Each structure stands twice: as structure tokens, then as C-alpha cells.
Amino acid sequence: MRQLRLYLEFSRKAFQRSAAYRFDAWTRLFSNVIFLFMWGFIWFALYSGKGDVEGVSFESMLSYIVVSQMLQGVHGAGTPLWEIQERVRTGDIAMEMMRPYDYPTRSLFSDFGNIAFHFLTAVLPLYVVLFALFDLQIPTSMSQWILFLLSAVLGYLIRYSVELTFGLLTFWLMETGGVEDIFYFSISLFSGSVIPLWFFPDWLETLAYFLPFQGIFFVPNSIFVGQLTGQALIEAMLMQGIWLVVSYVILRWVWSRAALKIVVQGG
Amino acid sequence: MGIIDVNHLSKQYFIAKRQEGMWGAVRSLFHREYITKTAVEDVSFSIEAGEMVGYIGPNGAGKSTTIKMLTGILVPSAGDVTVGGLVPYRERQKNARQIGVVFGQRSQLWWDLPTIESFELLKQVYAISDQQYRKNMDTFTEILRLDEFYQTPVRQLSLGQRMRADIAASLLHDPAILFLDEPTIGLDVVAKERMRTFIQEMNQERGITVILTTHDMADIERLCKRMILIDQGRVMYDGGLSKIRDRFGKSRILIVDLEKDTQLQVQGAELIRSEGNRKWLRFNREEITAAQLIQQVSIQADIQDLSLEEPEIDSIIRQMYEEGLSVG
Ligand SMILES: Nc1ncnc2c1ncn2[C@@H]1O[C@H](COP(=O)(O)OP(=O)(O)O)[C@@H](O)[C@H]1O
Ligand SMILES: [Mg+2]
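Rules used in this analysis
- Residues numbered from 1 in each chain as written.
- Chains lettered and ligands numbered in written order.
- Predicted model: local features only at pLDDT ≥ 70, side-chain atom pairs only at ≥ 80, totals over all residues.
- Heavy atoms only, no water.
- Helix = DSSP H or I, 4+ residues; strand = E, 2+ residues; numbered from the N terminus.
- Buried < 20%, exposed > 50% of the residue type's maximum accessible area, 1.4 Å probe, protein only.
- Areas by Shrake-Rupley, 256 points an atom, 1.4 Å probe, with all protein chains shown as cover.
- Lys, Arg positive; Asp, Glu negative; His and termini not counted.
- Charge placed at Lys NZ, Arg CZ, Asp CG, Glu CD.
- Core = buried A, V, L, I, M, F, W, Y, C linked by side-chain atoms within 4.5 Å.
- Contact = heavy atoms within 4.5 Å.
- Buried area = accessible area lost by both parts, 1.4 Å probe.
- Salt bridge = Lys/Arg side-chain N within 4 Å of Asp/Glu carboxyl O.
- Polar contact = N/O pair within 3.5 Å; in protein donor to acceptor, adjacent residues only side chain to side chain.
- Axes fitted to C-alpha atoms, helices over the stretch in contact; angles between N-to-C directions.
- Parallel < 35°, antiparallel > 145°, perpendicular 65-115°, else oblique.
- Left-handed = near helix turned anticlockwise from the far one by under 90°.
- Nonpolar A, V, L, I, M, F, W, Y, C, P; charged D, E, K, R; others polar.

Chemist: In this structure, what is going on with the overall build of chain B? I would like to understand it.
Modeler: Within chain B, the secondary structure is distributed over 11 helices and 13 strands. Along the three orthogonal principal directions, the C-alpha set of chain B runs to about 70 × 60 × 45 Å. Each of the 328 residues in chain B was classed as buried or not, and the buried ones make up 51%. Element-wise, carbon and sulfur atoms account for 46% of the exposed surface of chain B, whose accessible area totals about 15600 Å². Each charge sign in chain B was given a centre, from 40 positive and 46 negative side chains, and these centres are 5 Å apart.

Chemist: Mind showing me how you'd approach the nonpolar core here?
Modeler: In summary, soluble globular proteins display a tendency toward joint burial of nonpolar side chains. Formed by 101 residues in total, the largest nonpolar core has its most connected members in Leu 168 of chain A together with Ile 4, Phe 45, Leu 70, Phe 179 and Ile 211 of chain B. The dominant element in this core, judged by the number of residues it contributes, is helix H11 (residues 230-261) of chain A, at 11 residues. Filtering out sequence-adjacent residues up to four positions away, Ile 211 of chain B remains in contact with Ile 4, Phe 45, Ile 47, Val 53, Tyr 55, Ile 67, Leu 70, Leu 178, Phe 179 and Leu 180 of chain B. Judged by nonpolar contacts, the second largest core, of 55 residues, contains Ile 128, Ile 199, Leu 229 and Leu 241 of chain B.

Chemist: Is there a simple way to think about the interface of chain B and chain A in this case?
Modeler: Interface size is often expressed as the accessible area that is lost when the parts come together. The interface of chain B with chain A comprises 32 residues on the first partner and 32 residues on the second. Between chain B and chain A, roughly 3000 Å² of surface is buried when both sides are summed, and carbon and sulfur atoms account for 57% of that area. On inspection of chain B and its partner chain A, the count reaches 3 salt bridges. Asp 112 of chain B is the salt-bridge partner of Arg 17 of chain A, the closest N and O atoms lying 2.5 Å from each other. Our count for the contact surface shared by chain B and chain A stands at 7 residue pairs in polar contact (both at pLDDT 80 or more). Elements with a contribution of two residues or more to the side of chain B that touches chain A: strand E1 (4-16), helix H2 (63-71), helix H3 (92-98), strand E5 (99-103) and helix H4 (115-125) of chain B.

Chemist: Please explain the packing of helix H6 (residues 103-133) of chain A against helix H7 (residues 142-168) of chain A as it appears in this structure.
Modeler: Packed helix pairs are specified by the crossing angle of their axes together with the interaxial distance, meaning the distance between the axes. All names here are of chain A. Here H6 crosses H7 at 130°, and the two axes come no closer than 12 Å. Viewed along their axes, H6 and H7 adopt a mutual orientation that is oblique. In the crossing of H6 with H7, the sense of the turn from one axis to the other is right-handed. Listed contacts from H7 to Pro 104, Ser 107, Leu 108, Asp 111, Phe 112 and Ile 115 of H6 are Tyr 156, Leu 157, Tyr 160 and Leu 164. Classifying every residue of the contact of H6 with H7 by side-chain character gives 8 nonpolar, 1 polar and 1 charged.

Note that every value here comes from positions in space, so none of it alone points to a role or purpose.
Next up, the structure:
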């Protein structure tokens, strides 16, 4: 309980700090919107002259892109991989290691603060307008909203665990950029952030199904646009839950190893 | 058993050799060569509760590496460390509650927050009671004049202010042990003195055990009865300060700026450096006084300016090597 108060304090501080760097939030949002339009036009072109593709209408697809871009806007406010690398590079990781708290948890709670600020001041207003302006599909029932939110939160936690795990590999591979490339490649392809898994060739879809990444964007996006319902929805969310547990356990294991391995630069 | 026990402690760093070219990069994926750098080698000492010990040595001696192992940030390559009965790297969080740490080269405060908010965050981090927090803040503010920069973000503080803030921050949770890694580095004379006074007070009035690393002899002379001298990762001397000073601290350096470049012929002193009109003369103050030396020089040339230097720790260590002696 006392611990939770401590971590929430970091959320609060991160929220305040974000307020001091408002400009960052707006530039991030700007690039987010650029990408939204880019993907919108690409899908528009791909759909031109066709009705449904794989049983999905253009309207659904567009909604998928918009909600996906919205979630990515939220995710963008927390960057655990970049942060851990930066802390190791500068040696500031030492300051985190000599505190009576757990770094992965405190970093997560700091991100909650960043996200809350970014969401309330930038992402939410923009996307409310977008959803109102364009006639897009949104959840039609309360339960669909709740399932979407729950799934989106699970997705965020999965990404956090996987991303920080990749970031911690920096402890072993101090000067190689390869680790992060693997992460960024995998998340952009397998998470369904821009291409829904239903458009994948079968073998790739099967592969994606057995990776944690699809739980990050694909599942909540699909719930949002109504492509995932009933039995399939329950299975998908169960899968998200399992992936969260697995990736969290791996994160803890890698962290405990990394903490012994750490070499602090400077001073 | 002291409050801090260090037994045969060693630390090696492995530095990956960079391989040349493309082929090298590919090869390094499979096989890497490392250079081993021994930063701390077979160091042992024991420190009693309430002691204030100077951990002293030239740059690169292994001081920071030792401190990092005592704080639990680094895992030893060999040997044992216990701090307040804990093995720091195994019980890092528990250890964190009983120690305070200041790294002179790096702030522990949150860069973008106003100073006071960093303190408030630490209050939460260490679950410090309102009463304890207020009491400590009052004391520290009075001695260190923290109120001058409460609202200033840490990144905008001067070095002196930052050190004051940092040392106050390290003591907020009433740690039993304080590690100070170069707490006076880069500070001006006034700021150094203020820092030393504060450290001394915390040690004497609160009984906090202090380990202080520095390469500034004046810090040690002012603060520590005991010093542990290390060089190239090894303990060269562990004991009282007076013995070292008597033995090696007798030399002084006279720096003179002459009117014009002159070949000086002085007795009882050695010309150790010469840069144009500026000359460095080393002498033993038991053999010749500064006044006698200055007189000798002034006969041969007009002196524009002069200053006297106490031996730096580096030169003391060099002297220890030259004379092939170890004390203690
Ligand atoms: N992270 C590191 N990687 C490799 N070598 C290091 C690292 N940190 C320190 N060293 C080396 O170990 C030695 C001791 O360093 P350090 O403990 O920082 O000395 P001091 O604090 O006494 O100046 C130095 O030779 C330094 O170059
Ligand atoms: Mg150092």
C-alpha cells in the first residue's frame, strides 16, 4: 500500500513534468496525425473499386486505422526501451539502483503519468473530433467499450514488458543497435498496428498468432471495430492475459540478471 | 565486525575490443575479445560505526568503483562486502534505506523538477514521516541555505548549490551510513568549506558513519582522522593521517613569476618545472624556509608574483613510490 503510494507519486510527478514539456506532446501528435492520413490514403487506394476485402468493409478498415493510430499515440508517451538505454549510456541507472524501489515498476508508473497527460490534453480531444467528423465505427454497447478498454490496457502492459525486456538486453550488448531493430521491426509488423492480421497470408497470420505482439494493437483494435466478437473475443483476450503473464515473468527474470550484470559508466 | 566490512574485494571491468571493419563487426557477433581492467584489487578494510574515513587516491585509483560496490550498484568480481550486516548487491533496496550516497560528478535529483519537489519525492520514496521530514529540512536549510534555490529546477543550479542540494537529499531519510564520492570536486573555496563543515557536523552530532572519497588532501586534513590510501586498485596505506603527513607532507612547492626568464641557481630546492617566466621549485620545509628560498630567488631575478603549494595527493603517492616506502 505504502509502495503503491510511492509509485503513484512518480505518476504524479511525470504528469507535472509532461506539462512542462507540452510542446513535445504537440509535435508527437502532429506526426501521429500525419501517419494517420498516410495510412488512411493508402488503404483508400487499396480499397478503390472493391467492396469488402476478406469480409471487411472500407469503413471498418478506416476505423481500424484510426483507433490503431489513437492507441499508438497513447503508447508513444512511454518509451521504456529508449529510457533504459539512455540511463545505461549516461550512467544515471546508478541513481535508480540505489533507491529502495523497483526500477521497472517505477518506470511504468512514470509512464502512466506521461500517458495520462498526453491522453487528456492531446490524444483524446483530437480523436473525439476525428470520430465525430468522419463517420467511423465505434463500439455500439457498453460492454464492447469496456472490453476494448480492458484489452487496450492489457496490450499496453504487454508492450511495456516486451519493450523493456529488449531494452535490458543493452546490458549485454552495450554497443549493438541490433536488439532494438528486432523489436521495432517485430512490433510494427506483428502487432497489427498498420496491417490487421486478417490480411496476412495464412502462414504469417499463424506465426503472428503465436507471438505476443498481436495482443498489443490487433486485439483491442479488432474489438473496437467489431471484428472480434463472441467466442473468438474471449479467446483473444485470454491469450492477451497469458502473454502478459509470460512477458512479465521474462521481464522479471531478465531484470534480475541485468541488475547483477550492470556496469555503470562514469563518476 | 565493523558497520562496514570489506574482505579481499576485487572488481574487474571487461571492455569489449572493437573489431575493425565490416568483417570485424560480423565476427564480433560470434566471438568477442575483451580487455580486462582491474579497477579494485584485493582490498580489505573494516570501518566502525561513527567513524569518518577518507578513501583517497589519484584519479582512476578505484575509489568510485569501491563506493559503487558498497552501495550495491556494482557486483564484486571477488571478495565480500557487508554494509550494516547486509550484502549490498543482494539486498539492494534494503541497503538503500540505511545508506545515503552523493556522487560529486552526478546529481541524484530529478533534473527537471524544482529542487523542493525532488525533496518531496524523496520523502515519498523513503516513506519519511512529516515530522522527520520537517525537522531535517529545517536543519539542512539553515546550514546549507537551501531556501535560496528551492524553486529552481535542478538543471539550473550552480555546482555549489547542486552539491548542497544533493547532500541534503542523501540525508533526508536519516541513513546510518553516508558515502560521499568526491563531494567537493569543482567547488570554490567557500563552497568547499561550507560542505566540509556540514559533513563534520553530521558525523559528530548525528553519529553518521562517513566514507569520503577525494583526491583533495585538504578535505582529508580537515575531516578525517583515518585515511585509506589506494592506488591502482590496491590499498597503499590505512591508518592515521599524521603519520603520512609527517613522512611525506613536508615538501612544498614555490611558484614564482619572474620579471624575465632567468636560469635560477638555488640551494636546498629543486627546479621541477619551468614555463617561460614561471618556475616551480620544490623544497623540504624542514631544510629550508620559504622565506630563505624567496630571498635566494630575489637576488637572482625580480619576482613579479609568487605562491606556495601544498603537496597534492598525487605527488605524495609519487613520492611514496620514489622513496620505495610504505607506511603502516
Ligand atoms: N564502466 C567502466 N568500464 C571500464 N572501465 C572502467 C569503468 N569504470 C571505471 N573504469 C576504470 O577503472 C579504474 C578505476 O576507476 P574509478 O573507480 O572510477 O576510479 P576513481 O574513482 O578513483 O577515479 C579506472 O582505470 C577506470 O578507467
Ligand atoms: Mg571517481
